[in-house]
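Examining the three-dimensional arrangement
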Amino acid sequence: MKAKINGNTLELITGDITQFSTDVMVNAANGTLMGGGGVDGAIHRAAGEELLEECKAVRNNQLHGDLLPTGEAIMTRGYNLPAKYVIHTVGPVWGEHSGEEAALLAKCYSHSLLLSFEKNMKRISFPSISTGVYGYPVEKASIVAIQTIGEFLKSNEFGKVTMVLFSREDYETYVAALEEYLSEWN
Ligand code: ADP
């Protein structure tokens, strides 16, 4: 599914995000930035070891050894991925943020979009942040994701945002959220 928002494109597809050519690929990382399971592991494997090396440097230099806080985002190069850059953002773990989960998830999307915009990147692809191991219900997460991306595109000349959903069920859920968003807006 594709929607036009203020001259920008918001596209929903199914697939493996590591195979999808873009300017900025967003990784649903964890605070350590040292890789992990799910989409994080897939991105690190496809990028090659240099990605982990750069993540280690970011941890040491930019973050002074601390964890990347939930809702924040940092950028690295894309190495062997079909992307110029990777944005690593840490989604909320469902049930562990005293009701701030939606606000934190929205931050993941808005910080990633802003970082890309500042770098003049025109195409960004997102996985469904937090809805795997982090347990965020996909029906709820899809509404936060679509609203945050939609509001950003309404007020910026960006280009193209693609959500790459890993299963048909997730895709259908995001389609429903986007249809709802467009119907409220029109
Ligand atoms: P989190 O820890 O943020 O929940 P996960 O990686 O566990 O992150 O899951 C986030 C979403 O990414 C899930 O919907 C999962 O199915 C999906 N996913 C896993 N691998 C890939 C991939 N290669 N491409 C796109 N999405 C993926």
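Look a little higher up for the structure.
Reference entry: report on the structure contained in this document. Bear in mind that the values here come from a model prediction, so they are computed numbers and not experimental data.

What follows is about the pattern of salt bridges. Summed over the entire model, instances satisfying the criterion amount to seven salt bridges. Notably, a salt bridge pairs E53 with K56, separated by 3.8 Å at the nearest N-O pair. Here E53 and its partner K56 are both found in helix α2 (residues 49-62), three residues apart, which amounts to about one turn of the helix. With a relative accessible area of 46%, E53 lands in the partly exposed category. The class of K56 is partly exposed, set by a relative accessible area of 36%. Between K107 and E72 there is a salt bridge whose closest N-O contact spans 3.9 Å. Pair noted here: K107 is in helix α3 (residues 101-118) and E72 is in the loop between α2 and β4 (73-77), with a separation of 35 residues, a long-range link.

Moving on, we come to the side chain of T148. Secondary-structure assignment places T148 in helix α4 (residues 138-155). With residues near it in sequence (within four places) discarded, T148 still touches A106, Y109, S110 and L113.

So, about the site of the ligand. Around the ligand sit 16 residues in total, of which D16, V39, S130, G132 and V133 are the nearest. Between the ligand and V39 there is a distance of 2.8 Å, counted from an oxygen atom to a backbone nitrogen or oxygen. Take Y134: an N or O atom from its main chain is 3.0 Å from an oxygen atom of the ligand. Assessed atom by atom at 2 Å from the grid points, the ligand resides in the largest pocket. The greatest single-element share of the shell around the ligand, amounting to three residues, is contributed by helix α1 (residues 38-47). Among the residues making up the shell around the ligand, the classes are represented as eight nonpolar, six polar and two charged.

The next point concerns the sheet that holds β4. What the seven strands build is an open sheet, ordered β1-β2-β7-β6-β3-β5-β4; its pairing is mixed. Edge positions in the sheet fall to β1 (2-5) and β4, since each has one partner strand and no second. Each adjacent strand pair in this sheet contributes to an overall mean axis angle of 20 degrees, direction not counted. Pairing between β4 and strand β5 (residues 83-90): five bridges, direction antiparallel. Paired with M75 across the bridge in β5 is I87. Running at roughly 130 degrees to strand β3 (residues 22-29), α1 makes contact with β3 and β5 of the sheet. On top of the sheet, helix α5 (residues 168-185) reaches β1, β2 (8-14) and β7 (160-165); it is set at about 155 degrees to β2, its chief contact.

A few words now on the packing of α4 against α5. Contact geometry for α4 and α5: axes closest at 9 Å, N-to-C directions at 45 degrees. Compared by their axis directions, α4 and α5 come out oblique. With respect to the hand of their crossing, α4 and α5 are arranged in right-handed fashion. In this structure, α4 contributes V138, E139, A141, S142, I143, A145, I146, Q147, G150, E151 and K154 to the contact, and α5 contributes D170, T173, Y174, A177, L178, Y181 and W185. Taken together, the residues that form the contact of α4 with α5 break down as ten nonpolar, four polar and four charged.

What counts and how
Residues numbered from 1 in each chain as written. Predicted model: local features only at pLDDT ≥ 70, side-chain atom pairs only at ≥ 80, totals over all residues. Heavy atoms only, no water. Salt bridge = Lys/Arg side-chain N within 4 Å of Asp/Glu carboxyl O. Helix = DSSP H or I, 4+ residues; strand = E, 2+ residues; numbered from the N terminus. Buried < 20%, exposed > 50% of the residue type's maximum accessible area, 1.4 Å probe, protein only. Contact = heavy atoms within 4.5 Å. Near = heavy atom within 4 Å. Polar contact = N/O pair within 3.5 Å; in protein donor to acceptor, adjacent residues only side chain to side chain. 1 Å grid on protein atoms, 1.4 Å probe; cavity = no way out; pocket = protein on both sides within 12 Å on 5 of 7 lines; lining within 4 Å. Sits in = over half its atoms within 2 Å of the grid points. Nonpolar A, V, L, I, M, F, W, Y, C, P; charged D, E, K, R; others polar. Pairing = 2+ DSSP bridges. Axes fitted to C-alpha atoms, helices over the stretch in contact; angles between N-to-C directions. Parallel < 35°, antiparallel > 145°, perpendicular 65-115°, else oblique. Left-handed = near helix turned anticlockwise from the far one by under 90°.

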